[in-house]
Amino acid sequence: MLIRGGWVVVDPQTIVKDAAIHVVDNRVAEVGTWSALRERYPDDEVVGGATSIVMPGLIDAHSHGRGLSPIQKGVLYDYLENAFLDWSSMVYLPNDLCAALSAVRHLRMGCTSIHHTGWNDEGPKALENAHLAIGSYRTSGIRLAYSPAVRDRNRFCIDEEGFVDTLPPELREFVTPMTRYDAKAIADDYMNLFETLHASDNSPMTRVLHGPSWAHGTTDDFFTRIRDSAAAHDNTPIHIHTLQTPHQRAWSIKTFGCSLVEHLDRLSVLGSNTTLGHAVWLSERDIELIAARGTSTTHHASCNLHVRNGISPIWHMMKQGVNVALGIDDKSLNDDDDPFMELRMSAVLSRVPGFDLGETPALTSAQILSMGTVNAARTLGFDRLHGTLQPGAPADAAILDTASMLHDPWTSDRLAIPDLLVWRAKGQDVTDVVVDGKVVIRDRRFTTMDVEALYAEVRDYVKHYEAKPASPERTAALAALRPHFHAWHRKMLTHLDVSEPFYRVNGRA
């Protein structure tokens, strides 16, 4: 196969004009001029064209694979802690439909790899549900990193036992069953699930990672077991939601006398195979530790805005050499999982003003593109050339039509291709997608899935099950619980140890 482009983005630093990629089996065999490669391989199938941009397929390093967004389910976004109450009344699709729909949303926008980070992967059907999801992803053709996840503490809220004690009897009866569980059994079952999946499903196209749901929801003993298991499996990646909200940071200061990042370091969990999801409420010391340990973060620009987390200080992290990767988290700005829009949002949010015009240069377009390619690849444990189109790399590519970028009505040819992609490309510009050397989307049509049949199945499911989680009794109990929930979290903030923002966005007297 030849993948042709007026411009071929081999990696964010390397652009070749009027070029092509020769794909043999599932690998990039050669990158060269179109004329030379076509002359050598006159009978090869051709994807792309003279006015296309060919680039490495983008990588979503943090998704939950939910398929439908909360907005599509009729629930608007709010503070993350509030959202957990709101989301408990939403309909959830079966795992096979979730995964299939997530794959469709990602592939059509140019994402060739997805990290499905789980949440409540427990119970007697945990393994069956994991295989349903993995099977749907495989059918779609997308490259998959899969991490099951559970929490063995703070499952309902931070300091949940103390919170229950503050409730009136009728609400205590409602909440108590959600805060009483066997932490050791949860951890044991998770470890068994990980080992089973790693033995049966870890492969060049599917990586099974460790993914404890969040740092403040994982006991020290559980973290130690995960750390040792990762080391035993050739330093398999570990992905952890960490310091997403100020309340999580405050709980850590109250509980450990230090940041969650420092606590993870004390447990020897930080390392080059560890990624901290969100990483919003960091201190300068946290960033220094993350950089020193070679730990990565995932940046979820739109998600953090949607759930009112704040802005992760990625400019400061990248200045220190931290590997920052793209994470869409099923909560994109346009509700469509468009990775180009998420990269653009990351670029914009990192450009907030300071006071020194010379000391705060904006991140370059190459740095931003790296977040969705080589940086994201580094967090998932695939081939070392994953995220590039260098010879020897897996043949994962997105082909974009440049008509709207260049001719609506005109764009200067002085604009560099990385700048064009960051500031003008959209997911809807993607025409063709190749994953592992196979054409998954051709001329905007899937070759691996019947999307309309999938949509019909999704609509039929929600028609029958949408109302079940939102019973009047449950809705009333959650409404009564909310003021107590707010008061508890407000009290927790008395332990917060940071107030000076990394980014100055305005001033007050």
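Residues numbered from 1 in each chain as written. Predicted model: local features only at pLDDT ≥ 70, side-chain atom pairs only at ≥ 80, totals over all residues. Heavy atoms only, no water.

Even after reading the chapter, I still don't get the nonpolar core, so can you show me in this structure?
Soluble globular proteins tend to pack their nonpolar side chains together in the buried interior. Formed by 97 residues in total, the largest nonpolar core has its most connected members in Ile53, Met55, Leu400 and Leu421. Of all the elements, helix α3 (residues 95-107) adds the most residues to this core, at 8 residues. Excluding residues within four positions of it along the chain, Ile53 makes contact with Trp7, Val9, Ala398, Ile399, Leu400, Thr402, Met405, Ile417, Leu420 and Leu421. Counting 16 residues, the second largest nonpolar core, distinct from the first, contains Ile3, Ile21, Val28 and Val434. (Core = buried A, V, L, I, M, F, W, Y, C linked by side-chain atoms within 4.5 Å. Buried < 20%, exposed > 50% of the residue type's maximum accessible area, 1.4 Å probe, protein only. Helix = DSSP H or I, 4+ residues; strand = E, 2+ residues; numbered from the N terminus. Contact = heavy atoms within 4.5 Å.)

Is there a simple way to think about the pattern of salt bridges in this case?
Where side chains of opposite charge bring their charged atoms close, a pairing between them can arise. Throughout the structure, instances matching the rule amount to 20 salt bridges. Among the salt bridges present, the one from Arg308 reaches Asp78, with a minimum N-O distance of 2.9 Å. Placement of Arg308 in the loop between α12 (301-306) and α13 (314-319) and of Asp78 in the loop between β6 (58-63) and α2 (80-87) is noted, with a sequence separation of 230 residues between them. For Arg308, a relative accessible area of 46% translates into the label partly exposed. Here Lys438 makes a salt bridge to Asp436, at a shortest N to O gap of 3.6 Å. Lys438 gets classed as exposed once you look at its relative accessible area, which sits at 52%. (Salt bridge = Lys/Arg side-chain N within 4 Å of Asp/Glu carboxyl O.)

So what exactly am I meant to see when it comes to the side chain of His278 here?
Looking at where His278 falls in the secondary structure, it is placed in strand β11 (residues 274-278). Side chain to side chain, His278 and His300 meet in a polar contact 3.0 Å long. At 2.8 Å, the side chain of His278 and the side chain of Asn304 are in polar contact. (Polar contact = N/O pair within 3.5 Å; in protein donor to acceptor, adjacent residues only side chain to side chain.)

What should I look at first to understand the environment of Pro94 in this one?
Tracing the sequence through the fold places Pro94 in the loop between α2 and α3. Taking C-alpha positions, Pro94 is 8.1 Å from Asn129, a pair spaced 35 residues apart along the chain.

Would you mind going over helix α11 (residues 284-293) with me for this structure?
Buried within α11 we find Asp286, Ile287, Leu289 and Ile290. Here the buried residues of α11 occupy an arc of 160° about the axis, which is enough to place them on one side. In this structure, α11 carries Glu284 and Ala292 as exposed residues pointing more than 90 degrees from its buried face. Contacts from the buried residues of α11 go to α9 (246-256), α10 (260-266), β11, β12 (296-299) and α13. Phi turns positive, to about 75°, at Gly294, one or two residues after α11. (Arc of directions from axis to C-beta.)

When you look at the environment of Ile417 in this model, what are you seeing that I'm missing?
Tracing the backbone through its elements, the reader meets Ile417 in helix α18 (residues 417-424). Its relative accessible area of 9% is what places Ile417 among the buried residues. Measuring from C-alpha to C-alpha, the distance between Ile417 and Ala366 comes to 9.5 Å, with 51 residues separating the pair along the chain. Among all residues touching Ile417, those that are not within four sequence positions of it are Trp7, Val9, Ile15 and Ile53.

I would appreciate a short explanation of α9 in the present structure.
Three- or four-residue spacings in an α-helix give side chains the same orientation, since the helix completes a turn every 3.6 residues. Of all 11 residues that make up α9, 9 are buried, and the element is covered over most of its length. Within the sequence span of α9, burial applies to Pro246, His247, Gln248, Arg249, Ala250, Trp251, Ser252, Ile253 and Phe256. Against α2, α8 (220-232), β10 (238-242), α10, α11 and α20 (472-492) lie the buried residues of α9. Following α9 by one or two positions, Gly257 adopts a phi angle in the positive range, close to 75°.

Would you take a moment to explain unusual backbone geometry for this structure?
Residue Pro409 follows Asp408 across a cis peptide bond; omega there is -5°. Structurally, Pro409 is set in the loop between α17 (403-406) and α18. Phi at Asp436 is positive, roughly 55°, even though this residue is not glycine.

Is there a simple way to explain the sheet that holds strand β7 (residues 111-117) in this structure?
Adjacent strands of a sheet form backbone hydrogen bonds with each other and so pair up, either parallel or antiparallel. Pairing within the open sheet is parallel, and its 4 strands lie in the order β6-β7-β8-β9. Of all the strands in the sheet, just β6 and β9 (206-208) have a single pairing partner and so form its edges. Averaged over all pairs of adjacent strands, the angle between their axes in this sheet comes to 10°, without regard to strand direction. In terms of strand pairing, strand β8 (residues 143-147) meets β9 through 3 bridges, oriented parallel. Residue pairing for β9: Tyr146 is matched across the bridge by Val208. Running over the sheet, α3 touches β6 and β7 and is turned about 145° from β7. (Pairing = 2+ DSSP bridges. Axes fitted to C-alpha atoms, helices over the stretch in contact; angles between N-to-C directions.)

What should I look at first to understand the side chain of His299 in this one?
Tracing the chain through its elements places His299 in strand β12. Sequence-distant contacts of His299, that is, excluding residues within four places in its chain, are made with Asn304, Ser312, Ile314, Val324, Ala325, Leu326, Gly327, Ser346 and Met371.

Explain the pairing of strand β16 (residues 438-442) to me, please; I cannot follow it from the model alone.
Moving residue by residue along a regular strand, the side chains alternate between the two faces of the sheet. Across 3 bridges, the pairing between strand β15 (residues 430-435) and β16 is antiparallel. Counterpart to Val433 in the pairing with β16 is Ile441. In textbook terms, the turn of a hairpin is the stretch between consecutive antiparallel strands, and for β15 and β16 this stretch comprises 2 residues, one of which, Asp436, has a positive phi near 55°. The hairpin turn running from β16 into strand β17 (residues 445-446), its antiparallel successor, is 2 residues long, and Asp443 in that turn takes a positive phi close to 50°.

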